[in-house]
Amino acid sequence: QVQLVESGGGLVQAGGSLRLSCAASGRTFSSYAMGWFRLAPGKEREFVAAIRRSGGNTYYGDSVKGRFTISRDKDKNTVYLQVNSLNPENTAVYYCAADKYGRCWYDSSSAYDYWGQGTQVTVSS
């Protein structure tokens, strides 16, 4: 199994930026595609970004494309989400997830096998 631990969330003013991290345990981390999702109060879990195991292909939800960037550092067993130009609508708990089987429906939470506990991002106006 893989354990995922998110960090880097916090309180930021509108227009600010954060860099979220997801540290993974397990030797097979580099073989997994990774994704980020977020859950805001009163809303369903939303796809944010995904990255293939090679790190060469990335995908983004329409609501964040152009502002958020996903990347990974295999030497550190860590995947990152750089979030820029934040606004209060981005306030949510952000979760990272691992896709063990390399499914193609990366924008669905059902494609992922392991989940972290989330990190809170709060954006003030």
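Whatever comes next refers back to the structure up there.
The paragraphs below set out a description of the structure included in this document. What you are looking at is a predicted structure, and each value in this text was computed from that prediction instead of being measured.

Cut-off values and rules
Residues numbered from 1 in each chain as written. Predicted model: local features only at pLDDT ≥ 70, side-chain atom pairs only at ≥ 80, totals over all residues. Heavy atoms only, no water. Disulfide = S-S within 2.5 Å. Helix = DSSP H or I, 4+ residues; strand = E, 2+ residues; numbered from the N terminus. Phe/Tyr/Trp six-rings, centres within 6.5 Å; stacked < 30°, edge-to-face > 60°. Buried < 20%, exposed > 50% of the residue type's maximum accessible area, 1.4 Å probe, protein only. Lys NZ or Arg CZ within 6 Å of the ring centre and 35° of its normal. Salt bridge = Lys/Arg side-chain N within 4 Å of Asp/Glu carboxyl O.

## Side note on the state of the cysteines
- Summed over all chains, the structure comprises one disulfide.
- A disulfide bridge connects Cys 22 with Cys 96, and the sulfur atoms are separated by 1.9 Å. Handedness of the Cys 22-Cys 96 disulfide follows from its S-S torsion of about 55°: it is right-handed. Of the two residues, Cys 22 sits in strand 3 (residues 18-24) while Cys 96 sits in strand 9 (residues 92-99), which places them 74 residues apart along the sequence.

## Regarding the packing of aromatic side chains
- Summed over all chains, the structure comprises seven aromatic pairs.
- Aromatic side chains Phe 47 and Tyr 106 sit 5.7 Å apart centroid to centroid with 55° between the ring planes, which places their arrangement in the tilted category. Linking Phe 47 in strand 5 (residues 46-51) with Tyr 106 in the loop between strand 9 and strand 10 (114-115), this pair joins segments that are 59 residues apart in sequence.
- A residue is classified by how much of its surface remains accessible, and Phe 47, at 10% relative accessible area, is buried.
- Between Tyr 112 and Trp 115, the ring centres sit 6.0 Å apart and the planes meet at 70°, which makes this aromatic pair edge-to-face.
- Given the relative accessible area of 27%, Trp 115 is considered partly exposed.
- Connected via pairs of aromatic rings, a cluster forms that spans Phe 37, Phe 47, Tyr 59, Tyr 106, Tyr 112 and Trp 115.
- It is Arg 19 that lies over the ring of Tyr 80; its NZ or CZ is 3.8 Å from the centre.
- The ring of Trp 115 carries the charged tip of Arg 45 above its face, separated from the ring centre by 4.8 Å.

## Quick notes on the pattern of salt bridges
- Enumeration over the complete set of coordinates arrives at four salt bridges.
- For the salt bridge of Arg 103 with Asp 99, the shortest nitrogen-to-oxygen distance reads 3.6 Å. With respect to class, Arg 103 is no different from Asp 99; both count as buried.
- Notably, a salt bridge pairs Arg 103 with Asp 113, separated by 3.2 Å at the nearest N-O pair. Taken together, the residues span a long stretch of sequence, with Arg 103 in the loop between strand 9 and strand 10 and Asp 113 in the loop between strand 9 and strand 10 at a distance of 10 residues.
- In this structure, a network of salt bridges that share partners links the residues Asp 99, Arg 103 and Asp 113.

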